[in-house]
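Next come the chains, spelled out residue by residue.
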Number of protein chains: 4
Amino acid sequence: MANGGTDVKQGPKILLEKVPHLKSFLPDLRSYPNPLYQNSYFHPVPGFFVTDREAIAQNIVMDVDKPVDQNQRYFARAGPRERVFFEGEEVKVAIVTCGGLCPGMNTVIRELVNGLWYQYHVRDIRGIQAGYRGFFSSEHVPLTPKVVDHWHKQGGTRLGTSRGGFDLQKIVNAIQDRGYNIVFLIGGDGTLRGAVEIFNEINKRSLKVSIACIPKTVDNDVGIIDRSFGLQTAVEVAQEAISAAHVEAESTPNGVGLVKVMGRYAGHIAVNATLSSRDVDCCLIPEIKFFTQGQGGLFEFMEQRLMDNGHCVIVMAEGAGQDLLDENLKESTKDESGNVLLRDIGLWLSTEFKKWWKEKHPDKLFAVKYIDPTYMVRAVPSNATDTLYCTILAHSAIHGAMAGYTGFVAGPVNGNYCYIPLELVAVTKNPVDVNNPSWAWVRSVNNQPDFVPPGDDRHKAQEKAVQANLTH
Amino acid sequence: MANGGTDVKQGPKILLEKVPHLKSFLPDLRSYPNPLYQNSYFHPVPGFFVTDREAIAQNIVMDVDKPVDQNQRYFARAGPRERVFFEGEEVKVAIVTCGGLCPGMNTVIRELVNGLWYQYHVRDIRGIQAGYRGFFSSEHVPLTPKVVDHWHKQGGTRLGTSRGGFDLQKIVNAIQDRGYNIVFLIGGDGTLRGAVEIFNEINKRSLKVSIACIPKTVDNDVGIIDRSFGLQTAVEVAQEAISAAHVEAESTPNGVGLVKVMGRYAGHIAVNATLSSRDVDCCLIPEIKFFTQGQGGLFEFMEQRLMDNGHCVIVMAEGAGQDLLDENLKESTKDESGNVLLRDIGLWLSTEFKKWWKEKHPDKLFAVKYIDPTYMVRAVPSNATDTLYCTILAHSAIHGAMAGYTGFVAGPVNGNYCYIPLELVAVTKNPVDVNNPSWAWVRSVNNQPDFVPPGDDRHKAQEKAVQANLTH
Amino acid sequence: MANGGTDVKQGPKILLEKVPHLKSFLPDLRSYPNPLYQNSYFHPVPGFFVTDREAIAQNIVMDVDKPVDQNQRYFARAGPRERVFFEGEEVKVAIVTCGGLCPGMNTVIRELVNGLWYQYHVRDIRGIQAGYRGFFSSEHVPLTPKVVDHWHKQGGTRLGTSRGGFDLQKIVNAIQDRGYNIVFLIGGDGTLRGAVEIFNEINKRSLKVSIACIPKTVDNDVGIIDRSFGLQTAVEVAQEAISAAHVEAESTPNGVGLVKVMGRYAGHIAVNATLSSRDVDCCLIPEIKFFTQGQGGLFEFMEQRLMDNGHCVIVMAEGAGQDLLDENLKESTKDESGNVLLRDIGLWLSTEFKKWWKEKHPDKLFAVKYIDPTYMVRAVPSNATDTLYCTILAHSAIHGAMAGYTGFVAGPVNGNYCYIPLELVAVTKNPVDVNNPSWAWVRSVNNQPDFVPPGDDRHKAQEKAVQANLTH
Amino acid sequence: MANGGTDVKQGPKILLEKVPHLKSFLPDLRSYPNPLYQNSYFHPVPGFFVTDREAIAQNIVMDVDKPVDQNQRYFARAGPRERVFFEGEEVKVAIVTCGGLCPGMNTVIRELVNGLWYQYHVRDIRGIQAGYRGFFSSEHVPLTPKVVDHWHKQGGTRLGTSRGGFDLQKIVNAIQDRGYNIVFLIGGDGTLRGAVEIFNEINKRSLKVSIACIPKTVDNDVGIIDRSFGLQTAVEVAQEAISAAHVEAESTPNGVGLVKVMGRYAGHIAVNATLSSRDVDCCLIPEIKFFTQGQGGLFEFMEQRLMDNGHCVIVMAEGAGQDLLDENLKESTKDESGNVLLRDIGLWLSTEFKKWWKEKHPDKLFAVKYIDPTYMVRAVPSNATDTLYCTILAHSAIHGAMAGYTGFVAGPVNGNYCYIPLELVAVTKNPVDVNNPSWAWVRSVNNQPDFVPPGDDRHKAQEKAVQANLTH
């Protein structure tokens, strides 16, 4: 803290993750009272301004037989600070969105504009168009509360987005040449890794530019923060696909409904959508390998559910079972477009199950309906829960940037908004922790197989445990 | 813990809130291995079963300059236990819903039935109709997965509900006579206080009956837990009313939209709906007194917003401004029905503002549109977020009751599901903490007045702070 | 047609309603080929252009025992004409919206702009703000496809609206002074009567100005056309209120749900909403008198339904039962605000039924929930059906105005879009025809009382008919 | 009519399509007064009962220069008749649903049950499961108002459905053996053709069995009736996919959104969805051939829109462009699954356009997003408009069957519900009439190409017409 950042606090117990601060790089930086002090409508009561002493614990599940963890991680609490390091009139803001769509992007942009304008009297705010490349290849759009007024009711990003287009020197040149001093970056892990480079280059050039990031990943595959914005909305909209799959399955003898949701490396949407629907029989995610045929396999399980209930619904993350596709589709890789299509786990499962069923039950009616709602799920406006979340995210980021923090990510940890070092977030993955409650709930609530192959040691372990317990 | 309950753990640091356990009252109780051990589909991996040692911290915002709080409260983590105190075939379950409607009641009921049936092989589950009085005054309805299959898609409660009807002896007699040994109670603070009495009477009679509660209060006015189920859905649906108010206001010169939402003593829906909408100019809650006329008053603020933007939207909790109604409507209290109507803060504000405006701007067009969406907000099925929440709540409650806990509430604390002593929850209120972030966000995000009357000391305090800060 | 208008065609059988044409007033008017002839994308196939010979029959229900009606009314078919009476570059368009909100107003405005711009190359289009008074009291807003791009996704009217403000001379002066030659008026019966005056004054002044009207009345109380735009959307959204009332009623012993929908003089929304819901027990409309107490009265019917089903849902148009309120509330008219409130049929019925029930069943639980969703129903964007309808309405109006028609209304008759003389539409009411199928369906589908008081002749008539029929 | 059926009426002008009547086959059939005469709630006013003289005109667009068509087709008006040919207690009803899902199936079933039960006191109603084969291969499910109470809120069909399974003798045997005397068939053109066979076989056996049909085809490809139920709902839900495609396209440089909707031989959903969205640039249907490359082709048009607006949205019926796939995919037909996939016009267009663009604009960013919402569109409950429609359809069918009509279809013609001979409907297709208004509106509203190849005569015709018109 001595140098302006949130230094490592080595008091007896609390270890706070240091958030970089402009003063570390620009020691002579002036500070000013927060303009909210002079707000014409409300009076900052004691406690309104958040201090650098407030910290949020990361690990809050304790073992009562052990002493409280002395070395756990704490994060700086987000919120308005008493003193800021920019004056409203000097601030020049750039906002950019990168990567794929996610519900809430427009809400974040709109709130950045509104918060900067009304709380900090910033008047020069520009939108960078179509992602990183927009810094150097197209007009920067002036944004005002009037311009963004209805944006939060619209899906997608009004600024446009694209993948790639990252050219470090061109981007930092553009920032420097145009005089931006706060840059808000909204993007996924790729974007965040780019942001680290920008942050480092900015500091190398000793520019007074704060780099503030808001993680955007509908897959929820960015770590440390509780969840990424848009996830709840995506899960909500995915219910329409699951519900349709369920209706199709229920309306026909031995009906199977398959739904693929986003999630290349992390199955969060699939897990959440499954637990939010309660009409799903099995949820497949990249974190859990599965097999289709033989005892304990997916098809046997589906067959059982068809026998019990007459229908069966499977939800899968797009990244689930990619190892199976690799194994089974080697030859067909020669056919370019066919191959691409068949890497689709939903199409593959659909085809395979049909084959399996026809062989096993040649005379029994059945039907498989496969739904891929991907774009319909991610191109909607944020729902109420996510709009609130995006709003506070944006305002957190504003307060942090105005307070001189840089190279940070704004996001909630255990329900409290924090500032987290960008470098830390950029390298932290967020798979579904399959040894932990969220997946345990799916397994037990759904009563679904864990795809432990016959002969695996876990079967013996289970038997042993049962024996031990029975004699208890 | 030695005796089966979650005893006060006085290790060096962790103080766990004790959850009552049947063994405390019935020392010879037998336990059994959890039937999930022998689940045909999945193998409980290490960590699947939650132990009584796992505890969740209540206060996770720390001060880095102070040592870690040695005396803070911890709650027992919810989840399946290795050993249970009931065998599936012996269990006889009663489920009852009390009080007003709330999104998700049917989801909770359905999940209780499904979880008991499929995970613990319970086959005797009854629904008590129309609230507490249903224990002794009407048929108890047999519930099976088939019966409740589509219930989670429906609003309200298929079991019916009512207020009152609490007759302790008749209820406990019914429980005893019919041989129920697990009773799930879904209701608000009144219901929970009744549950405490039932719990005590059960213990007095030394019955092997577990009392498990799930707080239901769309107002979110039950304390300790993060939030009550249905809140997110209510906030989501309230957006339709706010959006309509906003459209009406925007479509007419000097248009004012007023929306009243639930919240007699706690303004959570209003606060959340405001932050989820971002088209609200001012949010009024019971926790903050306001005044209408004169400098710093509501009408002056509304006038300013009309001048700035041409329209203005106000969201109020039904309990907001009741002191103003008490003051201003004394005489009209004589007229019974009129009085009831006029205690409606929305109608009163609507009438008063019209008078005020006509006097001040006799020639200027204006329009006030008042919307009360109360029943439309609470009578819907749970949205995805709440369905997931209801699901895990119900399963948490099941695991707790099967593990022999009683007199407990299941609910999340800082995002982790816990078992909390019923007596504690029954006496804890949950107003919006107006000195804390959630309200600070409203104030600053909305830029709305805090209704500090002219002459109040807080004005001087602000001036002083500004001075101090300027000279910083 | 000789004189440019669609003259009375007295062929052997067909009588076409004459639509006024600019040529009648300005005999030397030049015509031009329709620019769609030279559309770069498509080729007008034979039949693409509609001729003045095409006519739509109004009465299509025939009596097979009678000869085809020789004197029935036919209307001119809407659609693009081969020749137009304006060149794109000369056209100056004004668009105005008047009266209360209705779903689809923005869609109509947007389509007028798009159609004029892309099909007829009109570049000077202005929006009049806040209704008729906007002609002379505020800026006229330039409209382009870019400006109106997202408007169809928004409820209300982006041009603003208001009631009143009609000043004939000022309006026509504004039209003349600013050189508008096509004026699109979107409004209800009051607006249409104003439009007749404007049309007459325009002709008196011999201006080349086409007056084209699109009826806007969410109550559907404008005659001749099949239905007004926004009705289907309103009925759709009203389902949410009815559904909530139904859930509330079902979830409580003897639960009654009351829903008030728009419809001061015509019960169309109530009728449609009732038939669209199928959870409604009784529908009350202004066109049918009813009484509450005694045999055959509403309360007895409700009591019966409560006894049969345990719950009961009533939908009423706001204009229903106003005679009852007149009778019963004379005294309370002295209290100004109370009175206004109590003219609300929903509040009155709610209060009266409670009294009646408490007297008759002092010991039986019951609950009445009253929902007034008015603004939530009318302030939404048009649904798909209405968007399509608004689109074709707007394009019909454009083609008509460009073809030189004036003083006309565009609207569908028996499913075919027509041009109807404005004067005819302005004086035609559209109550629910209670002797005809739409009401008969409600009566028989709902099995609801017709409120024929005891002693009324219709009872005897029924008996007689039954006797006659039995001996058949 | 003399013989009980609706005979050809050869009055001077009106030719009524004869609906078969049981009396034609069973001359001694007794009739009874309609039980609605003795309804306890309402009195059938004059006009309540529909007579066999009431007829609806099919062609209502007239040419004012020609005499009224003497030979046009009229259909018998649907509604309750004064006399019926069944007594409630003798009636035994079977209801069956066949073919693919369509919004509203459950609503129709529920209304059949309610109408039969409450209006005609029928108490023996059975649901046939899983389509035609259910007559002879599974339990017939007893249906009562209580059983079907919430069905109209659910998508799909609670009775189950399947394709095929038609075995005439087994079906008619089942009808005869079980004593059904009214059979309601809900299905598409295949089902209707089967119904004709059943109807003929029933008559051959001289059974007193009425065959009443309700056309179910989400594609709207059954002729004569105005539209099939579920269409409006499908169009409404398709908006979500189109809106997502539009958001995806707008949010990225040169973004293209493709949406495939149902419609193998008829493009009605595509046409309606296009006109309901207004964010669609081009609509492709089976009735209009198109080509992709070269002048006037689809890709050039898309390129133009991308240049003008930065994005482009295409909606296609699944049957559009199948000739192109036949031509281009001959070789790949060898690979079974790949081939099936590539017959998907959306995938093919998506792949082809990407190739074309990369070749033409190797350096320009672009993105193609393809959405296939098929099952999500058809597996939802009916919206308000369709629920009303399904309700009146079902009640029309009931009144017709009770009145002794058989071998008929119930459906609206020009907005009036009619009874139409089944044989007529079973053979009438309903393609989009591309020479008529509904398609003309798409063409002109959308300003989209008509894909007339270069050199086609229509180009010259257009030039000639322009010349002629210019010299006019």
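Residues numbered from 1 in each chain as written. Chains lettered and ligands numbered in written order. Predicted model: local features only at pLDDT ≥ 70, side-chain atom pairs only at ≥ 80, totals over all residues. Heavy atoms only, no water.

Visitor: Please explain the domain arrangement of chain A as it appears in this structure.
Guide: Many descriptions give the size of an interface as the accessible area lost when the pieces come together. Residue and element names in this part refer to chain A. Looking at the assigned domains, one finds that chain A contains domain 1 (22–62 + 70–228 + 383–427) and domain 2 (231–325 + 335–380). Placing the centre of domain 1 and that of domain 2 at their C-alpha centroids yields a distance of 38 Å. At the junction of the two partners, domain 1 supplies 17 residues and domain 2 supplies 16 residues. On the domain 1 side of the contact with domain 2, Pro103, Val218 and Asp219 bury the most area, a combined 38% of that side's loss. (Domains from an automatic or database assignment. Contact = heavy atoms within 4.5 Å. Buried area = accessible area lost by both parts, 1.4 Å probe.)

Visitor: Even after reading the chapter, I still don't get the relation of the copies chain A and chain B, so can you show me in this structure?
Guide: In this structure, two copies of a chain are linked by a rotation about an axis accompanied by a shift along it. Mapping chain A onto chain B calls for a screw motion: a turn of 180 degrees about the axis and a shift of 0.0 Å along it, with 0.0 Å RMSD after fitting. Overall, the copies show the geometry of a two-fold rotation axis. For chain A, the smallest separation between a C-alpha atom and the rotation axis is recorded for asparagine 414 of chain A, amounting to 2.9 Å. Taken together, the interface assignments show that 100% of the residues at the interface of chain A recur at the interface of chain B, consistent with an identical surface on both copies. (Least-squares fit on C-alpha atoms with pLDDT ≥ 70 in both.)

Visitor: I'm lost on the packing of aromatic side chains in this one. Help?
Guide: Two aromatic rings are characterised by how far apart their centres lie and by the angle between their planes. One pass over the structure, following the stated rule, counts 75 aromatic pairs over all chains. Summarising the aromatic geometry, the rings of tyrosine 41 of chain A and phenylalanine 301 of chain B are spaced 5.0 Å apart at their centres and angled 90 degrees between planes, so their arrangement reads as edge-to-face. One end of the pair, tyrosine 41 of chain A, is in the loop between β2 (32–33) and β3 (54–57); the other, phenylalanine 301 of chain B, is in helix α8 (residues 298–309), on a second chain. On the basis of relative accessibility, which here comes to 2%, the residue phenylalanine 301 of chain B falls in the buried class. (Phe/Tyr/Trp six-rings, centres within 6.5 Å; stacked < 30°, edge-to-face > 60°. Helix = DSSP H or I, 4+ residues; strand = E, 2+ residues; numbered from the N terminus. Buried < 20%, exposed > 50% of the residue type's maximum accessible area, 1.4 Å probe, protein only.)

Visitor: Is there a simple way to think about the relation of the copies chain C and chain B in this case?
Guide: Once chain C is rotated about the relating axis by 180 degrees and shifted along it by 0.0 Å, it coincides with chain B to within an RMSD of 0.0 Å. Most of the interface of chain C is mirrored in chain B, where 97% of its interface residues are also at the interface.

Visitor: Could you clarify how one ought to interpret the UniProt feature "active site" (unreviewed entry) in chain A in this entry?
Guide: Residues and elements named next belong to chain A. The feature "active site" (unreviewed entry), as annotated in UniProt, sits at Asp219 in this numbering. Position of aspartate 219 relative to the elements: it lies in the loop between β11 (210–215) and α6 (231–250). Setting aside anything within four residues of it in sequence, one finds aspartate 219 in contact with Met262, Gly263, Arg264, Ala266, His268, Ile269 and Glu318. (UniProt positions renumbered as here; feature names shortened; annotations may be inferred.)

Visitor: Just to check I follow, could you spell out the sheet that holds strand β12 (residues 255–261) of chain C for this structure?
Guide: Whether parallel or antiparallel, the strands of a sheet pair through hydrogen bonds between backbone atoms. All names here are of chain C. Sheet architecture is open: 4 strands sit in the order β13-β14-β12-β15, paired in parallel fashion. At either end of the open sheet lies a strand with only one pairing partner, and these are β13 (282–284) and β15 (367–371). Strand after strand, the sheet turns through a mean of 15 degrees between neighbouring axes, direction not considered. Bridge analysis of β12 against strand β14 (residues 311–317) gives 7 bridges, and the strand direction is parallel. When the sheet's bridge partners are listed, glycine 255 is paired in β14 with histidine 311. (Pairing = 2+ DSSP bridges. Axes fitted to C-alpha atoms, helices over the stretch in contact; angles between N-to-C directions.)

Visitor: Please clarify how the pattern of salt bridges should be interpreted in this entry.
Guide: Opposite charge on two side chains allows them to pair when their charged atoms are near. This structure, assessed with the given rule, holds 104 salt bridges over all chains. Across the pair arginine 193 of chain B and aspartate 189 of chain B runs a salt bridge, and its minimum N-O distance is 3.9 Å. With arginine 193 of chain B and aspartate 189 of chain B both in helix α5 (residues 189–204) and 4 residues apart, this pair spans about one turn of that helix. A residue is classified by how much of its surface remains accessible, and arginine 193 of chain B, at 42% relative accessible area, is partly exposed. In this structure aspartate 189 of chain B comes out as partly exposed when scored by relative accessible area, which is 27%. Its salt-bridge partner being arginine 278 of chain C, residue glutamate 111 of chain D comes within 2.5 Å of it at the nearest N-O pair. Residue glutamate 111 of chain D is located in helix α2 (residues 105–120), and its partner arginine 278 of chain C is located in the loop between α7 (268–277) and β13; the two belong to separate chains. Residue arginine 278 of chain C is classed as buried on the basis of its relative accessible area of 9%. (Salt bridge = Lys/Arg side-chain N within 4 Å of Asp/Glu carboxyl O.)

Visitor: Where do I start with the packing of helix α2 (residues 105–120) of chain C against helix α13 (residues 384–402) of chain C in this structure?
Guide: Helix-helix packing is described using two parameters, namely the angle between the two axes and the distance between the axes. Residue and element names in this part refer to chain C. One way to put it is that α2 packs onto α13 with a least axis distance of 8 Å and a crossing angle of 45 degrees. With respect to α13, the element α2 is oriented oblique. Pair α2 / α13 crosses with right-handed handedness. Residue-level contacts link Thr107, Val108, Glu111, Leu112, Gly115, Leu116, Gln119 and Tyr120 of α2 to Thr387, Cys390, Thr391, Ala394, His395, Ile398, His399 and Met402 of α13. Counted by class, the contact of α2 with α13 contains 8 nonpolar, 7 polar and 1 charged residues. (Parallel < 35°, antiparallel > 145°, perpendicular 65-115°, else oblique. Left-handed = near helix turned anticlockwise from the far one by under 90°. Nonpolar A, V, L, I, M, F, W, Y, C, P; charged D, E, K, R; others polar.)

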